[in-house]
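# Coordinate analysis (summary)
Chain by chain, the residues run as shown.
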Amino acid sequence: MRSQSIALAAALSLGSAALVLHDQFSINTAEETGVRPLDVTISNTGHTYSISSNSEQWRFDGYPLENATGNLIFDTVHSFLQHWPNTRYRNGHNIVPGVIPIGTLLYHGTNGSHMIPSGPEWTSTDPEHSILFARGNGSGWHLTLAATRPLKVLYFDGRSAAKLSEGTMDMQDIIVWGEPRPERYFDERDRIDDLCTWGKEFGIDGFVRMEMDFEIMLCDFTAGVEVVSFLHLVLPKDEWSFPHPTPLDSDSGARGFEVLHSGSWHNRYPGDSRIVLDLTSLISFYDTALAPSLIPVRVGLERCDHRVLGISPDDISRVMRKLTEVITRPHPVDSGIDWKILTHVIVDRYADRLELMQHLLNFTSSDLQELLHRARLAQTQLRVMLTPYLLDSTIVPSAVTSGVDASRWASQIFKLCATTHTSKMINQIPLMTSSERLLLTAVEDTTREICRVTTKMWADGVMSGLDSIFQRERNVEHEVIRLMHDWRHDIEKLMSWLDWSIWIKCRPACGPEEMCYLPSPRPKRPPQNLNDALEAKSFADRVGPPPEGLATANAPFFHATPEDDLRKPQPRCIRRLQPYVF
């Protein structure tokens, strides 16, 4: 363990905070079998890594396995601490250790009391969220805390603070009650108390969750934090009287809306950067070696219906053993790879270009020349994507050559595209934790499929005579209709498999007085009384159902929206100014 002075200096910047994080969640790979022999296969428990150059490995008909989860692991990891994708897929599948760096501010509204909590309570990362709970008749007490040391936390991804029985609480239930307990989704007081009791043995200071904004379930208001201020604030007259809805044009309405607004600040990468996660200690329920019992549970389900309920007792035991191991590792040993940046680099590289391809291919015309022009534009964009891998030695089969499979002449381009980001990382496998090896596989699976599809599309365009650089004589007019149809199918299937939330946006873009927003469902039943709801620290818990047919912007879970639209939420523009209208 580094000295306190080193820890203090390390936390002065976010980058250095990552070093402090290793002090808090250090890594020991003694029990991991990550030894890389000098042959074509590297085997570890649950995973095999091939470094073979066999051309069969780079065929274009090598589709992803039906139950493969590499794309899901990649996307959830890239989405950590981002509000937008975790609202879209609210049932989390990852538990990740992390730290809150020294100097980070946390906020707590005391519900009218001028007393610092003596036990576990909820804090927010943005004051707009906590001020909502500083209740009073025109005023309220608001506490601001600062971290005096790196706070050791566990992050549950998804919309993990939403009080719903459909899966948002499953991972937390496993830790505190040994199994998912959907019927206890409203038992927030027991949940925070039991989580903190469990975490005390491991020195865990809190638990990070997300609802309208990010929150930290802080276990001890006297450990690792100090008071910055405890202010009696002037606030709009409290109109959050259960069960009456707040008027759409009231000052309290503005106060409520700003919780949504502050949450939207963290919609996209890097998300809420005040929490620094240790991805080398990632625990994913999409890891088929860690939780194989969930494979048949997911069969036939859309991703929005995935959840942890149905996991076997054996898998729960395995998960808890690994969780205990990663939060008690004594020494920092890892590969040094920044997995967060790597996933972002890949999304940055391909997201915009794939979206442009989708736009170009979403085109029909009875005019063959217009269709041909569009196809050539698409071919150029495919070549642009693959330019770093187009070898001068590439030989395109001539027009008279028959029976030549594209995989025989373009497979090297596919391979270079798929492996460039990770080929040298294989040398680091002996230093990788099991979580890192899982991340490596997820990145490899994702880049492989992107490159398989785009290289195949490009090669088909070359063989059809569309490419202006790799020229091939061909009467392309006879093939362009079929080619555009095949391309459109390929790109739609790829983007559906990747399922990146960066493509989910308001179209057309919202105006300056609007905000793009993803709706969320409200709890199935209201709390039994107002005091219980206030303890739950959830805006949705405290507001009763609105009058028949009314949806209010101040009760963001109450929408006159079909249930399936909330199951698979679609973005919409909402007003940022009074009156707030959905």
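Residues numbered from 1 in each chain as written. Predicted model: local features only at pLDDT ≥ 70, side-chain atom pairs only at ≥ 80, totals over all residues. Heavy atoms only, no water.

### Remarks on helix α8 (residues 251-264)
Operational definition: Each helix is a run of DSSP H or I of at least 4 residues and each strand a run of E of at least 2, with the numbering of both proceeding from the N terminus. In this analysis, the expected span of each helix is defined as 1.5 Å times one less than the number of residues it contains. Exposed residues in this analysis have more than 50% of their type's maximum accessible area, buried residues have under 20%, and partly exposed residues fall in between, with area computed by a 1.4 Å probe over protein chains only. We call two residues contacting when some pair of their heavy atoms lies within 4.5 Å.
The end-to-end C-alpha distance of α8 is 20 Å, a good match for the 20 Å that 14 residues give at a rise of 1.5 Å each. Of all 14 residues in α8, 12 are buried; the element is thus mostly enclosed. For α8, the full list of buried residues reads Ser 252, Gly 253, Ala 254, Arg 255, Gly 256, Phe 257, Val 259, Leu 260, His 261, Ser 262, Gly 263 and Ser 264. On its buried face, α8 is in contact with α4 (83-88), α5 (127-131), β10 (225-237), β13 (514-517) and β14 (572-575).

### Some details on the state of the cysteines
We count it as follows: The term disulfide is used for any two cysteine sulfur atoms that are within 2.5 Å.
On inspection of all chains with the given rule, the structure shows 4 disulfides. There is a disulfide in this structure between Cys 417 and Cys 451, and the S-S distance comes to 2.0 Å. Taking the sign of the torsion about the S-S bond as the criterion, the disulfide between Cys 417 and Cys 451, at about -65°, is left-handed. Of this pair, Cys 417 sits in helix α13 (residues 406-419) while Cys 451 sits in helix α14 (residues 434-463), and the two are 34 residues apart along the sequence.

### Notes on unusual backbone geometry
The bulk of non-glycine residues show a negative phi, and the bulk of peptide bonds are trans. In this structure, the amide linkage connecting Tyr 269 to the following residue, Pro 270, adopts the cis form with an omega of 10°. Each neighbour pair has its own omega, and for Gln 578 with Pro 579 the value is -10°, a cis peptide bond. With respect to the helices and strands, Pro 579 occurs in the segment after β14. In the Ramachandran plot, Leu 81 falls in the positive-phi region, its phi being about 65° despite a non-glycine side chain. Here Asp 499, not a glycine, exhibits a phi torsion of approximately 60°, which is positive. When you line up the elements, Asp 499 lands in the loop between α15 (480-498) and β13.

### A closer look at the nonpolar core
Burial of nonpolar side chains together is a common tendency in soluble globular proteins. This is how it is decided: Nonpolar cores were defined as sets of buried Ala, Val, Leu, Ile, Met, Phe, Trp, Tyr and Cys residues, with membership established by side-chain atoms within 4.5 Å.
Within the largest apolar cluster, 88 residues are counted, with the highest numbers of intra-cluster contacts made by Trp 339, Tyr 350, Leu 354, Trp 458, Trp 487 and Trp 500. Here this core takes 13 residues from α14, the largest share from any one element. Judged by nonpolar contacts, the second largest core, of 31 residues, contains Leu 154, Trp 198, Ile 283 and Ile 327.

### A word on the packing of aromatic side chains
Rules: Only centres within 6.5 Å qualify two rings of Phe, Tyr or Trp (six-membered ring in Trp) as a pair; their planes then separate them into stacked at under 30 degrees, edge-to-face at over 60, and tilted for everything else. A ring is considered to have a charge above it if a Lys NZ or an Arg CZ atom is located within 6 Å of its centre and within 35 degrees of its normal.
Applying the stated criterion across every chain yields a total of 12 aromatic pairs. Ring plane angle 70° and centroid distance 5.7 Å describe the contact between Trp 141 and Phe 230, whose orientation is recorded as edge-to-face. Of this pair, Trp 141 sits in strand β6 (residues 137-147) while Phe 230 is found in strand β10, placing the two residues 89 residues apart along the sequence. With relative accessibility at 17%, the residue Phe 230 sits in the buried group. A network of ring pairs unites the aromatic residues Trp 58, Phe 60 and Phe 414 as a single cluster. Across the ring face of Trp 177, the terminal group of Arg 184 is positioned such that the distance to the ring centre comes to 3.8 Å.

### A look at the environment of Phe 230
Along the sequence, Phe 230 and Gly 109 sit 121 residues apart, while their C-alpha atoms lie 9.6 Å from each other. Setting aside residues no more than four positions away along its own chain, Phe 230 makes contact with Thr 110, Ser 113, His 114, Met 115, Ile 116, Trp 141, His 142 and Leu 143.

### Digging into the environment of Leu 361
Its place among the elements puts Leu 361 in helix α11 (residues 339-361). The exposure class assigned to Leu 361 is buried, which follows from its relative accessible area of 0%. Taking the C-alpha atoms as reference points, Leu 361 and Met 484, separated by 123 residues in sequence, lie 6.6 Å from one another. Ignoring any residue separated from it by four or fewer positions in sequence, one finds Leu 361 in contact with Ala 378, Met 457, Met 484, Trp 487, Arg 488 and Ile 491.

### Quick notes on helix α12 (residues 368-386)
As a reminder, the rule being used: Polar contact is defined as a pair of N or O atoms within 3.5 Å, subject to the rule that within protein one atom must be able to donate a hydrogen and the other to accept it, and that residues adjacent in sequence are counted only when both atoms are side-chain atoms.
For α12, which comprises 19 residues, the first-to-last C-alpha distance of 27 Å matches the rise-based estimate of 27 Å (1.5 Å per residue) to within 8%. Looking only at α12, the buried set comprises Leu 371, Leu 372, Arg 374, Ala 375, Ala 378, Gln 379, Leu 382, Arg 383, Met 385 and Leu 386. The residue sitting at the N-terminus of α12 and contributing the capping side-chain oxygen is Asp 367; that oxygen lies 2.9 Å from the backbone nitrogen of Gln 369.

### A look at the side chain of Arg 383
Within the secondary structure layout, Arg 383 lies in helix α12. For Arg 383, a relative accessible area of 11% corresponds to the buried category. Ignoring sequence-local partners within four residues, the contact set of Arg 383 consists of Leu 390, Trp 458, Asp 467, Ser 468, Ile 469 and Phe 470.

### Considering the packing of α12 against α15
For the record, the criterion: Where helices are involved, their axes are fitted lines through C-alpha atoms of the stretch in contact, as for all axes, and angles between N-to-C directions lie from 0 to 180°. Each angle gets one of four labels, with under 35 degrees taken as roughly parallel, over 145 as roughly antiparallel, 65 to 115 as roughly perpendicular, and the rest as oblique. We call a crossing left-handed when the near helix sits turned anticlockwise from the far one by less than a right angle, and right-handed when that turn is clockwise. Polar here means any residue outside two lists: the nonpolar Ala, Val, Leu, Ile, Met, Phe, Trp, Tyr, Cys and Pro, and the charged Asp, Glu, Lys and Arg; Gly therefore counts as polar.
Here α12 crosses α15 at 45°, and the two axes come no closer than 10 Å. Put simply, α12 runs oblique to α15. When you trace α12 past α15, the crossing you get is left-handed. On α15, the residues touching Leu 368, Leu 371, Leu 372, Arg 374, Ala 375, Ala 378, Gln 379 and Leu 382 of α12 are Val 480, Ile 481, Met 484 and Trp 487. Partitioned by chemical class, the residues of the contact of α12 with α15 number 10 nonpolar, 1 polar and 1 charged.

### Focus on the pattern of salt bridges
How we decide: Any carboxyl oxygen of Asp or Glu within 4 Å of a side-chain nitrogen of Lys or Arg constitutes a salt bridge here.
One pass over the full model with this rule turns up 31 salt bridges. The shortest N-O distance in the salt bridge between Arg 59 and Asp 61 comes to 3.2 Å. Using a relative accessible area of 27% as the deciding quantity, one classes Arg 59 as partly exposed. The closest approach of N and O atoms between Arg 209 and Glu 215, which form a salt bridge, is 2.8 Å.

### Side note on the side chain of Asp 75
Positionally, Asp 75 belongs in helix α3 (residues 70-78). Polar contacts involving the side chain of Asp 75 include one to the side chain of Arg 303, which spans 2.9 Å. In contact with Asp 75, not counting residues within four places along its chain, are Arg 303, Leu 498, Asp 499, Trp 500 and Ser 501.

### Observations concerning the confidence of the model for the protein chain
To keep things clear, this is the line we draw: pLDDT is a residue-level measure of predictor confidence that goes from 0 to 100.
When pLDDT is averaged across the protein chain, the result is 84; 79% of the residues are at 70 or more. Predicted confidence for residues 1-52 stays below pLDDT 50, and this span has 118 contacts to residues more than four positions away or in other chains. Counting contacts from residues 241-245, a segment whose pLDDT is below 50, to residues more than four positions away or on other chains yields 11 contacts.

### Comments concerning the pairing of strand β7 (residues 151-158)
Put simply, the rule is: Any two strands with at least two DSSP-identified bridges between them are counted as paired.
Within β7, 8 of the 8 residues are buried, which leaves it mostly tucked inside the rest of the structure. On β7, burial covers both faces: Leu 151, Val 153, Tyr 155 and Asp 157 on one face and Lys 152, Leu 154, Phe 156 and Gly 158 on the other are all buried. Pairing geometry for strand β3 (residues 91-100) and β7, over 7 bridges, is antiparallel. Paired with Val 99 across the two strands is Lys 152, which belongs to β7. Note that β7 and strand β8 (residues 206-210) share 3 bridges and pair parallel. The residue of β8 that forms the bridge with Tyr 155 is Val 208.

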